[in-house]
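# Examining the three-dimensional arrangement
Chain by chain, the residues run as shown.
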Amino acid sequence: MRDEKDVVKLRADDREVSWARPSRPGLSESRLPAHNVTIEGWVVEWLALHWQMPTASIDTRRPLVEQGLDSMGAMRLTHDLEQWLGLPLTLSFLWEQRTIESLARALASPDTLFTLSPVSEANDTARGLASDTAPASSGQRRLWRLMRPVPDSPRFHVHFGLRFDGPLDVDSLRLGLQELVRRHESLRTTFHEGDGALTQVVSPASRLELPVVDLRGGGGDAPEQALGSSSFRAMNDAQARAPFDVATGPLMRAALVILAEQTHVLLVTQHQLITDGPSLGVFGRELASLYRVFQAGVPSPLAPPARQPADVARWQHRWSTSDAARQQREYWRARLEGTPPLSLPSRRAGEEDAGGLVRFEVPVALTAAWKSLASTEGATLFTALSAVFAALLRQVSGQEDVLVGTVVANRGRRELRDVVGLLSNTVALRCDLTGNPSFRELLRRHRLRTTEDLGHQELPFDEVATSLPHGLQAACVFESATGVDLSIPGMSCTLLSDTPDASVPGFARHALTLLLREDLAGLRGAFEYASAVFQPAEVERLARAYRHLLGRIVETPDARLDELALSDEAPRQAPDGGPERTSGTVDSNA
């Protein structure tokens, strides 16, 4: 009988597929690689579960990006293949193969096999001993340092709403929220600092308060009117901005607003110390699932989370002294050597983190056209859109060496994918725009280097930043809402947020940040800017210029960057090298 540890299981909501793991003796001439047909079948099953689609609809000869594989999915696939085959694989290796067929052939090749060493059998994310306290993670420590000058600032809050249209069972919703608090330690975690160390303290599950506020007017059901009312806006703003006490908690609050007989909005605010973008996806998906089962009067079918944030923090502490960490430090020192600061307008007087927001939208048709262009070059949508942002920064700064930060999920390992907590990390992407390349050439360069950079994403950004005396001045953050399952039979559920990443408006993390969220309606975008660097009219012009570039490039991807900049919508360099000032405002949604 095959040992259970030699079987890899892929699980979806309604099915489970098991594949026998190839035997893993030490590297020797007698070691046989897995057959390419076996590997091909495994990858097809993995993708079918990942995409929730029939295996027959997956084309093994078609590029993976054309079928929808994004950066996060690629990281997960790489890790799961690594664990199944017992070989240390890289993200760049996966992208180089392009198709499932070529990937399977490469992995079945003895030439590939003997250039790689088996991965360790040790489970280096094993759960620590049960304890109420644990060291803070690297991300929590970095956020804590940023919080020190302004500990009560809403800048460190995540706020969103879930709109329910249909007959809502409030008791089932309350039970679902209570179960989430019980399941996920982060939702009942507080933080304490002593002797120079930050620790996270997990409290026993307590009763969750869910106040219900009725905003129905006397004129009948008018949910859209109530949603835009001053009463709702004031409550939404107060909920988002009220301070948290990180030492006593709780660090999550919720309130249910009745807008009409069958329209409710659940407002949820969490401190960034306990959440990140992927956590919100887990939160929404599990809440919808728990609501369904509690409404049916049956117990929760969800298995306990494989890991909790404290487990991740302990693993990070162990990993920081490993050879892998040392190699990543060397990579980033070499990668960022000589990076110039971004040339931006002179700073003005004002609060350090005060900022503004300029929103815009990209319709479905243009979003689809960009997906097609990106996949033609073997790139993800994020890679393509961040390359456009780099081209825009070239116009603004006059520089051909541009650094753009981004936020990554940092959840390649299967056991981390359903963790609710702050696991994300910041990665610096160095963009080479030298030689006035065509956009297609720029995208090829950017894809190769971005793949390498994302393959070294585990090193905490605080360590990476030691090679950046001027810090990060620009960032591009991409979130996808298309894979979040909020489905509840008989009801429609919609995610509401003031910004694409559910941050609270009015603050700036960098001089300029491009925030993007993909949903079924296309792309929602926003430029978050530091008021000490940019005027609102300047950023409105930038938003319009970015939209203009999206339209121009998708029509003429082989045009050179200087040609693409020749437009009344694009920023132009003033004689002194700074961006030319503009007057007036534009409609950034035009």
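Before reading further, recall that the structure is shown in the block above.
The following refers to the structure shown. Quantities reported herein were computed from a predicted structural model and do not represent experimental measurements.

### Things to note about helix α10 (residues 277-295)
Taking 1.5 Å per residue, 19 residues should reach 27 Å; α10 reaches 28 Å between its end C-alpha atoms and fits that length. Burial of α10 is extensive: 15 of the 19 residues sit out of reach of the surface. Gly297 sits one or two residues past α10 and shows a positive phi near 75°.

### Focus on the environment of Arg174
Within the secondary structure layout, Arg174 lies in helix α7 (residues 170-183). What makes Arg174 partly exposed here is its relative accessible area of 23%. Taking the C-alpha atoms as reference points, Arg174 and Leu210, 36 residues apart in sequence, are found 7.0 Å from one another. For Arg174, the contacting residues outside a window of four places in its chain are Arg207, Leu210 and Val212.

### Points about the environment of Leu143
Its location among the elements puts Leu143 in helix α6 (residues 138-147). Exposure remark for Leu143: the relative accessible area of 8% places this residue in the buried category. Sequence separation between Leu143 and Phe156 is 13 residues; the distance between their C-alpha atoms is 8.2 Å. With residues up to four places along the chain from it excluded, the contact list for Leu143 reads Phe156, Gln272, Leu273 and Leu422.

### Examining the sheet that holds strand β7 (residues 212-214)
Paired through backbone hydrogen bonds, the strands of a sheet run either parallel or antiparallel to each other. Ordered by their spatial adjacency, five strands build an open sheet running β7-β8-β9-β4-β14, and the pairing between neighbours is mixed. With partners counted over all chains shown, the strands left at the sheet margins are β7 and β14 (492-496), one partner each. Pairwise comparison of adjacent strand axes, ignoring direction, gives a mean angle of 20° for this sheet. Examined bridge by bridge, strand β4 (residues 157-165) and strand β9 (residues 263-271) share nine bridges and lie antiparallel to one another. Bridge assignment links His157 to a residue of β9, and that residue is His271. Packing against the sheet, helix α9 (residues 230-241) makes contact with β4, β7, β8 (252-260) and β9, and its axis sits at approximately 170° to β8.

### Quick look at the side chain of Ser397
Note that Ser397 resides in helix α14 (residues 381-397). Note on Ser397: relative accessible area 6%, which makes it buried. A distance of 2.7 Å separates a polar atom in the side chain of Ser397 from the backbone oxygen of Leu393. A polar side-chain atom of Ser397 sits 3.2 Å from the main-chain amide nitrogen of Gln399.

### Let's talk about the packing of helix α12 (residues 323-336) against helix α15 (residues 439-454)
For any two helices packed against each other, one specifies the inter-axial angle together with the distance between the axes. Across the interface, α12 lies against α15 with an axial gap of 11 Å and an inter-helix angle of 145°. Here Tyr331, Trp332 and Arg335 of α12 lie close against α15, whose contacting residues are Arg449, Glu452 and Asp453.

### A closer look at the pattern of salt bridges
Applying the stated rule across the entire model yields 33 salt bridges. A salt bridge links Glu518 to Lys371; its shortest N-O distance comes to 2.4 Å. In this pair, Glu518 sits in strand β15 (residues 512-519) while Lys371 sits in helix α13 (residues 364-376), placing the two residues 147 residues apart along the sequence. The class of Glu518 is buried, set by a relative accessible area of 8%.

### Observations regarding the pairing of strand β5 (residues 189-194)
Where β5 and strand β6 (residues 197-202) come together, six bridges link them in antiparallel fashion. For Phe191, the partnering residue across the bridge sits in β6 and is Gln200. Connecting β5 to the antiparallel partner β6 that follows it, the hairpin turn spans two residues, and Asp195 within it adopts a positive phi of roughly 55°.

### Quick notes on the sheet that holds strand β3 (residues 133-135)
Ordered in space as β3-β6-β5, the three strands form an open sheet in which the pairing is antiparallel. Strand pairing shows two members of the sheet lacking a second neighbour, β3 and β5, which therefore form its edges. On average, each strand axis in the sheet is tilted by 30° relative to the strand beside it, whichever way the strands run. Across the sheet, α6 lies against β5 and β6, angled at about 115° from β6, the strand it touches most. Seen against the sheet, helix α11 (residues 309-319) touches β3 and β6 and runs at an angle of roughly 40° to β3.

### Examining the packing of aromatic side chains
Under the criterion given, the structure shown has 10 aromatic pairs. Among the aromatic residues, those joined into a cluster by ring pairs are Phe360, Phe389, Phe527 and Tyr546.

### Focus: α11
Burial within α11 is extensive, with nine of its 11 residues counted as buried. Where α11 is concerned, the buried positions are Pro309, Ala310, Asp311, Val312, Ala313, Arg314, Trp315, Gln316 and Trp319. Looking at the buried side of α11, the elements it contacts are β3, α6, β6 and α12.

The rules behind the values
Residues numbered from 1 in each chain as written. Predicted model: local features only at pLDDT ≥ 70, side-chain atom pairs only at ≥ 80, totals over all residues. Heavy atoms only, no water. Helix = DSSP H or I, 4+ residues; strand = E, 2+ residues; numbered from the N terminus. Expected span 1.5 Å × (residues − 1). Buried < 20%, exposed > 50% of the residue type's maximum accessible area, 1.4 Å probe, protein only. Contact = heavy atoms within 4.5 Å. Pairing = 2+ DSSP bridges. Axes fitted to C-alpha atoms, helices over the stretch in contact; angles between N-to-C directions. Polar contact = N/O pair within 3.5 Å; in protein donor to acceptor, adjacent residues only side chain to side chain. Salt bridge = Lys/Arg side-chain N within 4 Å of Asp/Glu carboxyl O. Phe/Tyr/Trp six-rings, centres within 6.5 Å; stacked < 30°, edge-to-face > 60°.

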